[in-house]
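Spelled out, the chains give:
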Amino acid sequence: QVQLVESGGGLVQPGGSLRLSCAASGSIFSIYAMGWYRQAPGKQRELVAAITSGGSTNYADSVKGRFTISRDNAKNTVYLQMNSLKPEDTAVYYCNEVGTMPGGYWGQGTQVTVSS
């Protein structure tokens, strides 16, 4: 089973930037389409960015132009560069294979708080 460890979250002021990392175990990581999800208090988890095994990307409208997803298959790692952060970006961020069900395996996530 793939294990996922997210890191890089923290407290940042509005307009600031953060770079999240997700280290995945498993030799077949490179064939998966991976995504960054987030869950704010009282809300459902949502997919905000996705990247295919070939590097094609897709973004939720709420983060388009501000977030950039990338991957390094040699390091089994997925990244999320977040710029121009807004208070509404505050959430726990998770990475996972695109399409993972809520009841499936999830890592511990990393907290992102955008506040002045």
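Preceding this section is the structure that the text describes.
As the structure is a prediction and not an experimental result, all values here were calculated from the model.

(A) Highlighting the pairing of strand β9 (residues 91-97). Of all 7 residues in β9, 6 are buried, a share of seventy percent or more. Pairing between strand β4 (residues 34-39) and β9: 6 bridges, direction antiparallel. Its bridge partner being in β9, tryptophan 36 is matched across the sheet by cysteine 95. Where β9 and strand β10 (residues 110-114) come together, 3 bridges link them in antiparallel fashion. Residue valine 92 lies in a different strand from β10, and its bridge partner there is glutamine 111.

(B) Highlighting the pattern of salt bridges. Counting across every chain of the model gives 4 salt bridges. A salt bridge links arginine 38 to aspartate 89; its shortest N-O distance comes to 2.9 Å. One end of the pair, arginine 38, is in strand β4; the other, aspartate 89, is in the loop between β8 (77-82) and β9, with 51 residues separating them in the sequence. Judged on exposure class, the residue arginine 38 and its partner aspartate 89 are both buried. The residue aspartate 61 makes a salt bridge to lysine 64 at a minimum N-O spacing of 3.2 Å. Salt bridges sharing partners connect three or more residues here, namely Arg38, Glu46, Arg66 and Asp89.

(C) Looking closely at the sheet that holds β4. Strand order in this open sheet of 6 strands is β2-β10-β9-β4-β5-β6, and the pairing throughout is mixed. Sheet topology places β2 (10-12) and β6 (57-59) at the edges, where each strand pairs with a single neighbour. Pairwise comparison of adjacent strand axes, ignoring direction, gives a mean angle of 25° for this sheet. The pairing of β4 with strand β5 (residues 46-51) spans 5 bridges and is classified as antiparallel. In the sheet register, tryptophan 36 faces β5, and the bridge partner there is alanine 49.

About the criteria used
Residues numbered from 1 in each chain as written. Predicted model: local features only at pLDDT ≥ 70, side-chain atom pairs only at ≥ 80, totals over all residues. Heavy atoms only, no water. Buried < 20%, exposed > 50% of the residue type's maximum accessible area, 1.4 Å probe, protein only. Helix = DSSP H or I, 4+ residues; strand = E, 2+ residues; numbered from the N terminus. Pairing = 2+ DSSP bridges. Salt bridge = Lys/Arg side-chain N within 4 Å of Asp/Glu carboxyl O. Axes fitted to C-alpha atoms, helices over the stretch in contact; angles between N-to-C directions.

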